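Coordinates in review
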Amino acid sequence: MQYMQVPSQVEYERATSVEHALELLSRPETRVVAGGHSLIPMMKLRLAQPEVLVDINGLTELAFITLDGGQLRIGAMARHADLLDSAVAAGLFPIFADAERVVADPIVRLWGTVGGSLCQADPSEDLSAAFAAARAIAVIRGRDGNRTVPVREFHLGPYETVIGPGELLAEVRVPVRPGTGSAYQKVARRVGDWSIAAAGAVLHLQGTPERPVIKAAGLGLTAVGAEHFVAAEAEEFLRNRAPDEESFTRAGAIAAEHCHPVADQRGPQDYKRHLVAELTTRALRLAAGRADVAGRAGSRV
Ligand SMILES: Cc1cc2nc3c(=O)[nH]c(=O)nc-3n(C[C@H](O)[C@H](O)[C@H](O)COP(=O)(O)OP(=O)(O)OC[C@H]3O[C@@H](n4cnc5c(N)ncnc54)[C@H](O)[C@@H]3O)c2cc1C
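Okay, so let's go over this structure. (Residues numbered from 1 in each chain as written. Predicted model: local features only at pLDDT ≥ 70, side-chain atom pairs only at ≥ 80, totals over all residues. Heavy atoms only, no water.)

**Quick word on the pattern of salt bridges**
To be explicit about the condition: Any Lys or Arg side-chain nitrogen located within 4 Å of an Asp or Glu carboxyl oxygen qualifies as a salt bridge. Per the convention used, a helix needs a DSSP run of H or I reaching at least four residues, while a strand needs a run of E reaching at least two, with both numbered from the N terminus. Residue burial is assigned from relative accessible area. The probe radius is 1.4 Å, only protein chains are included, and a residue is buried under 20% of its type maximum, exposed over 50%, and partly exposed in between.
Evaluation of the coordinates by the stated rule reveals 18 salt bridges. Among the ionic pairs, D68 bridges to R73, the shortest N-O distance being 2.6 Å. One salt bridge connects D126 with K186, and the closest N-O pair in it is separated by 2.9 Å. One end of the pair, D126, is in helix α8 (residues 126-133); the other, K186, is in strand β11 (residues 180-188), with 60 residues separating them in the sequence. Judged on exposure class, the residue D126 and its partner K186 are both buried. In this structure, a network of salt bridges that share partners links the residues D68, R73, E171 and R173.

Following this line, the structure appears as C-alpha cells:
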C-alpha cells in the first residue's frame, strides 16, 4: 500500500510588513515560511508541525543586498539567485558567489532565501559555513527591536538557532576590510547535491605585495561536524604567517584533524577528512590570489 505524505492541518497568514509579521509571530506555535524548500518537506514528513504558518514572501524590504557603512548587508529575504547575481557581493566577497553557484539547482536558488538557509541550521547548508568564515553578524528582529549575534554563535546545533519565539532573522552584515580575499570549494556526489564536504576561506592580508602576512583567517567547513561550522584551530595556526603553500597545506591538515565527520551514504570518515584537507588548502590558495594586499577588498573580481 502507498501512503501520501501530507502536512498536518495548518493555518496560513501572509505578512504584509515586518511589524505585521512580528505581530503574527506573537501567537503560539507559529513558524515563518520563506522559500519553503526546507520547511515544507519537513512538514510533509511531520518533522515540523506548526499550527500557524507566517508567510514572509511579501516582505520585499528584507530582500536587499547593499554596501553600507563599511558592511555588506544582505536581507534575510534575498534569494540565493540574488546573492549569486549580486555584483557588489561578488566584488567584495567572491566566497558567496562560489557557494551559491553550488547550492542546489537554479529552481531552488530562485526561491530559497539566505535567511531560510541560515535559520534551517542544516549541518550541510553551504551559506552557514560561508558566513561563519566571513565573521558575519546576524541581525534578529523582535517586537522590542533589533539584537545582533555573530553568525559563529547563531547555530546552537543541527536545526537549532538562537532565534526565539516571536523573532525574525532580518539581515546578515559582513564587515568589509581592505586586503581581503575569499573563496569556497565544495565536493558533491553530483551537480546540485548537498556537500560531501566543503570549505570556505576568508583571508585578511597585510604587509607589502612582496611580503604579505595573514592578519586574520576565517575558515568555514560544511557537513563535517565542525563546531559552529568553523575550523578554529586552523584559523589560529594561520595568524601572522605567510600566505604560502606550506601554510595552506598545514592549515588544511589541521582543519581535517579537528573536524568530526560521520560516515554515511556520502562516504566514510577518512574520505571526508581527506576532502577537508584538500578543499581547505584550495580555498585558501584561491582566497589569497583574490586578495589585494595594497588596497581594496576582493579586488580581483
Ligand atoms: C532539492 C534541494 C537541494 C538543496 N541543495 C542544497 C545545497 O546543495 N546546499 C544548501 O546549502 N542548501 C540546499 N538546499 C536548501 C536550500 O538552500 C533552501 O533554500 C534553504 O534550506 C531554506 O531556505 P528557504 O527560504 O526555502 O527556507 P524555508 O524552508 O522557508 O525555512 C527554513 C527554516 O527557516 C525558518 N526561517 C526562514 N526564514 C526565516 C527568517 N527570516 N527568520 C526566522 N526564521 C526563518 C523557517 O521557519 C524554517 O524553520 C536544497 C534544497 C532543496 C529542496
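**Re the side chain of D122**
Note the following rule: Charge assignment in this entry is limited to Lys and Arg as positive and Asp and Glu as negative, and neither His nor the chain termini are counted. Polar contact is the term for a pair of N or O atoms within 3.5 Å; when the atoms are in protein, one must be able to donate a hydrogen and the other to accept it, and sequence-neighboring residues count only if both atoms are side-chain atoms. Whether two residues are in contact is decided by their heavy atoms: any pair within 4.5 Å suffices.
Inspection of the secondary structure puts D122 in the loop between α7 (114-120) and α8. R266 provides the closest opposite charge to the buried, unpaired D122, separated from it by 8.2 Å. Within the structure, the side chain of D122 is placed 2.8 Å from the backbone nitrogen of S124, a separation counted as a polar contact. Here D122 is in contact with Y159, W194 and F229, once residues within four sequence places are set aside.

**Things to note about the sheet that holds strand β5 (residues 71-75)**
For clarity, the cut-off: We call two strands paired when DSSP finds no fewer than two bridges between them. As a rule, the C-alpha atoms of each element are fitted with a line to give its axis, helices using only the stretch in contact, and angles between N-to-C directions run from 0 to 180 degrees.
Spatially, the 5 strands line up as an open sheet ordered β4-β5-β10-β6-β7, and their pairing is antiparallel. The sheet is open, and its two edges are formed by β4 (65-68) and β7 (145-150), each paired on a single side. Taking each pair of neighbouring strands and ignoring which way they run, the sheet shows an average axis angle of 25°.

**Digging into the site of the ligand**
In plain terms, the rule: Working definition: residue near molecule or strand if any one of its non-hydrogen atoms lies within 4 Å of it.
For the ligand, the set of nearby residues contains 31 residues, the closest of which are V32, G36, S38, T113 and D126. R31 places a polar side-chain atom, nitrogen or oxygen, 3.1 Å from an oxygen atom of the ligand. Here H80 contributes a side-chain N or O atom positioned 2.9 Å from an oxygen atom of the ligand. Of all the secondary-structure elements, those providing two or more residues to the shell around the ligand are β2 (30-33), α7 and β10 (168-175).

**So, the nonpolar core**
Most often, soluble globular proteins keep nonpolar side chains buried together rather than apart. For clarity, the cut-off: Throughout this description, the term nonpolar core refers to a set of buried Ala, Val, Leu, Ile, Met, Phe, Trp, Tyr and Cys residues connected via side-chain atoms within 4.5 Å.
F96 and F131 are the most contacted members of the largest nonpolar core, which has 34 residues in total. If you list the elements that add at least two residues to this core, you get β5, α4 (87-92), α5 (94-101), α7, α8, β6 (137-142), β10 and β12 (195-207). In terms of residues, this core owes the most to one element, α8, which gives 6 residues. Not counting chain neighbours up to four residues away, the residues in contact with F131 comprise I74, L83, F96, V114, L118, A136, V151, V172 and V174.

**Brief notes about helix α10 (residues 245-258)**
Operational definition: Expected helix span is taken as 1.5 Å per residue step, with the number of steps being one fewer than the number of residues.
For α10, built from 14 residues, the straight-helix expectation of 20 Å at 1.5 Å per residue is met to within 8% by its first-to-last C-alpha distance of 20 Å. Buried within α10 are the following residues: S247, F248, A251, G252, I254, A255 and A256. For α10, the elements touching its buried residues are β12, β13 (212-222), α9 (232-238) and α11 (269-290).

**A short note on the pairing of strand β3 (residues 52-55)**
Condition: The handedness rule is simple: strands pointing away from the viewer, and a clockwise path from the first strand over the helix to the second, make the crossover right-handed.
Residues of β3 alternate between two faces, with V52 and V54 on one and L53 and D55 on the opposite face, all of them buried. Pairing analysis gives 4 bridges linking strand β1 (residues 11-14) to β3, with the strands arranged parallel. When the sheet's bridge partners are listed, E13 is paired in β3 with V54. One ladder, built from 4 bridges, connects β2 with β3; its direction is parallel. What sits directly across from V33, in β3, is D55. As a crossover connection, the stretch from β2 through helix α2 (residues 39-44) into β3 is right-handed.

**Observations concerning the sheet that holds β2**
A sheet is described by the order of its strands in space; here 3 strands give the open sequence β1-β3-β2, paired in parallel fashion. For this open sheet the edge positions go to β1 and β2, each flanked by a neighbour on one side alone. Strand-to-strand twist in this sheet, taken as the mean axis angle between neighbours without regard to direction, amounts to 25°.

**Brief notes about the packing of α10 against α11**
The test is simple: A clockwise turn of the near helix away from the far one marks a right-handed crossing, whereas an anticlockwise turn of less than a right angle marks a left-handed crossing. All residues other than Ala, Val, Leu, Ile, Met, Phe, Trp, Tyr, Cys, Pro, Asp, Glu, Lys and Arg, Gly among them, are scored as polar; the first ten of these are nonpolar and the last four charged.
At a closest axis distance of 8 Å, the pairing of α10 and α11 adopts a crossing angle of 145°. Crossing handedness for the pair α10 and α11: right-handed. Where α10 abuts α11, its residues E245, F248, T249, A251, G252, A253, A255, A256 and E257 lie against R273, V276, A277, T280, T281, L284, R285 and A288. For the contact of α10 with α11, a count of residues per class yields 9 nonpolar, 4 polar and 4 charged.

**What to know about the environment of P7**
In this structure, P7 sits in the segment before β1. With a relative accessible area of 34%, P7 lands in the partly exposed category. In sequence terms P7 and G289 are 282 residues apart; their C-alpha atoms lie 48 Å from each other. Those residues in contact with P7, other than ones at most four positions away along the chain, are M43, K44 and R46.

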